Amino acid sequence: MKNVLLINTSINHDAGNSYILSNEFVDRLSKKFELTVSHRDLVKEPMEHLKQTEMLAWMTPEAQRNDEQKSLADLSDNLIKEVQQSDLLVIGLPMYNFGVPSQFKVWMDRIARAGVTFKYTEQGPVGLLANKRVIVLAARGGIYAGTDNDSQTTHVKSFFALLGITDVEFIYAEGLNMPSKELSIANAKEKMEAVFSSMG
């Protein structure tokens, strides 16, 4: 493990619980391993929602793209390159209205590209990204893990599985709007230690 991609999605920026936890995770990991860390903050550097013109640019052969299409395709190409070059993705992910932040969904829509990060076969889709690990620092005001209201975990794991990434682990900090907040943060940090140990 050498290259880490840190992705933050909190609308509260560096005051967000998921931001604080994910950055602490990477900082502590950097003390154990020699890392190259890339950071993408999807709120501080927002992207527009995906449009048909952008998808058409992807589907146009590179040599045939006009200037606008080249610019549109470059955004997705660069985001995908960040993932391709990473061994570990660390994602700070708050839960908003039982789902992922819209900023993260915008990122997901540009990462999942047929023929680039996955392909369709007679047996179904096959991911083209392999040998990568994802750690999600999930911050939530209530307690949802393991319940029907936690559609977020299933969504994120299914998304990465499509790309061929099945080593996806969640570290939950839940009940952060409840009196048990400090205990929840402490439990999340304890889980971090267990994850560090699994990394050797």
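One numbering rule holds for all chains: residues counted from 1, following each sequence as written. Owing to the predicted nature of the model, reporting of local features is limited to residues with pLDDT of at least 70; listing and counting of side-chain atom pairs is limited to 80 or more, with chain, interface and lining totals taken over all residues. Excluded from the side-chain calculation are hydrogens and water; included are all heavy atoms of the structure.

Colleague: Quick one: what's the story with the packing of helix H2 (residues 52-59) against helix H3 (residues 67-84), residue by residue and with numbers?
Modeller: Only C-alpha atoms enter the line fits that serve as axes; for helices the fit covers just the stretch in contact. Angles between N-to-C directions range over 0 to 180 degrees. Where helices and strands are cited, they refer to DSSP runs of H or I of at least four residues and of E of at least two residues respectively, numbered from the N terminus. Where H2 contacts H3, the axes come no closer than 8 Å and their chain directions differ by 90°. In this view, H2 runs roughly perpendicular relative to H3, as classed from their interaxial angle. Only Gln69, Leu72, Ala73, Leu75 and Ser76 of H3 make contact with H2, whose side of the interface consists of Thr53, Glu54, Ala57 and Trp58. Throughout this description, any angle smaller than 35 degrees is read as roughly parallel, any larger than 145 degrees as roughly antiparallel, any in the 65 to 115 degree range as roughly perpendicular, and the remainder as oblique. We call two residues in contact whenever any of their non-hydrogen atoms come within 4.5 Å of each other.

Colleague: Give me the lowdown on the packing of aromatic side chains, citing residues and values where you can.
Modeller: Stacked, tilted and edge-to-face are the three classes assigned to paired rings of Phe, Tyr and Trp, where Trp is represented by its six-membered ring and a pair needs centres within 6.5 Å; plane angles under 30 degrees give stacked, over 60 edge-to-face, the rest tilted. Under the defined criterion, the tally for this structure stands at eight aromatic pairs. Ring geometry for phenylalanine 25 versus phenylalanine 196: centroids 4.9 Å apart, planes at 40°, classification tilted. One end of the pair, phenylalanine 25, is in helix H1 (residues 17-32); the other, phenylalanine 196, is in helix H6 (residues 181-198), and 171 residues separate them in sequence. Taken as a pair, phenylalanine 25 and phenylalanine 196 share a single burial class, namely buried. Relative to tryptophan 107, the ring of phenylalanine 104 lies with its centre 5.3 Å away and its plane at 15°, an arrangement referred to as stacked. Under the scheme applied here, a residue whose accessible area is under 20% of the maximum for its type counts as buried, over 50% as exposed, and between as partly exposed, the area being computed with a 1.4 Å probe on protein chains only.

Colleague: Talk me through unusual backbone geometry; I want residue IDs and the actual numbers.
Modeller: Residues other than glycine predominantly adopt negative phi, and peptide bonds predominantly adopt the trans conformation. At histidine 13, a residue that is not glycine, the phi angle is positive and equals roughly 55°. Relative to the helices and strands, histidine 13 resides in the loop between strand S1 (3-8) and H1. The partly exposed category is assigned to histidine 13, whose relative accessible area is 29%. In this structure, asparagine 131 takes a positive phi of about 60° despite not being glycine. Here asparagine 131 is to be found in the loop between strand S5 (124-127) and strand S6 (133-139). You can call asparagine 131 exposed: its relative accessible area is 77%.

Colleague: How would you sum up the nonpolar core? Please name residues and give values.
Modeller: What makes a nonpolar core is a set of buried Ala, Val, Leu, Ile, Met, Phe, Trp, Tyr and Cys residues whose side-chain atoms join them at distances within 4.5 Å. In terms of nonpolar packing, the biggest core is built from 28 residues, with Phe104, Trp107, Val136 and Phe160 touching the most fellow members. Elements supplying a minimum of two residues to this core: S1, H3, strand S3 (88-94), helix H4 (102-111), S6, helix H5 (151-162) and strand S7 (167-173). Here this core gets five residues from one element, more than from any other, and that element is H4. Leave out the neighbours within four places in its chain, and valine 136 touches Ile91, Leu93, Val156, Val168, Glu169, Phe170 and Ile171. Core analysis: the next-biggest nonpolar cluster, separate from the first, contains 21 residues, Leu21, Leu29, Leu88 and Val195 among them.

Colleague: Give a detailed account of the pattern of salt bridges, specifying residues and quantitative values.
Modeller: By convention in these notes, a salt bridge is any Lys or Arg side-chain nitrogen within 4 Å of a carboxyl oxygen on Asp or Glu. A full pass over the atoms with the stated rule returns 13 salt bridges. Two residues, glutamate 54 and arginine 110, come together in a salt bridge whose shortest N-O distance is 2.7 Å. A residue pair is termed long-range when its members are at least 10 positions apart, and glutamate 54 in helix H2 and arginine 110 in helix H4 qualify at 56 residues. The pair formed by glutamate 54 and arginine 110 is uniform in burial state, with each residue classed as buried. When the shortest N-O distance is used, the salt bridge between aspartate 167 and arginine 133 registers 3.8 Å. On the criterion of sequence distance, the pair formed by aspartate 167 in strand S7 and arginine 133 in strand S6 is long-range, its members being 34 residues apart. Each of Glu24, Arg28, Lys189 and Glu193 takes part in a single network of salt bridges with overlapping partners.

Colleague: Residue-level account of the environment of glycine 99, with values.
Modeller: Positionally, glycine 99 belongs in the loop between S3 and H4. For the pair glycine 99 and serine 71, spaced 28 residues apart in the sequence, the C-alpha separation amounts to 30 Å.

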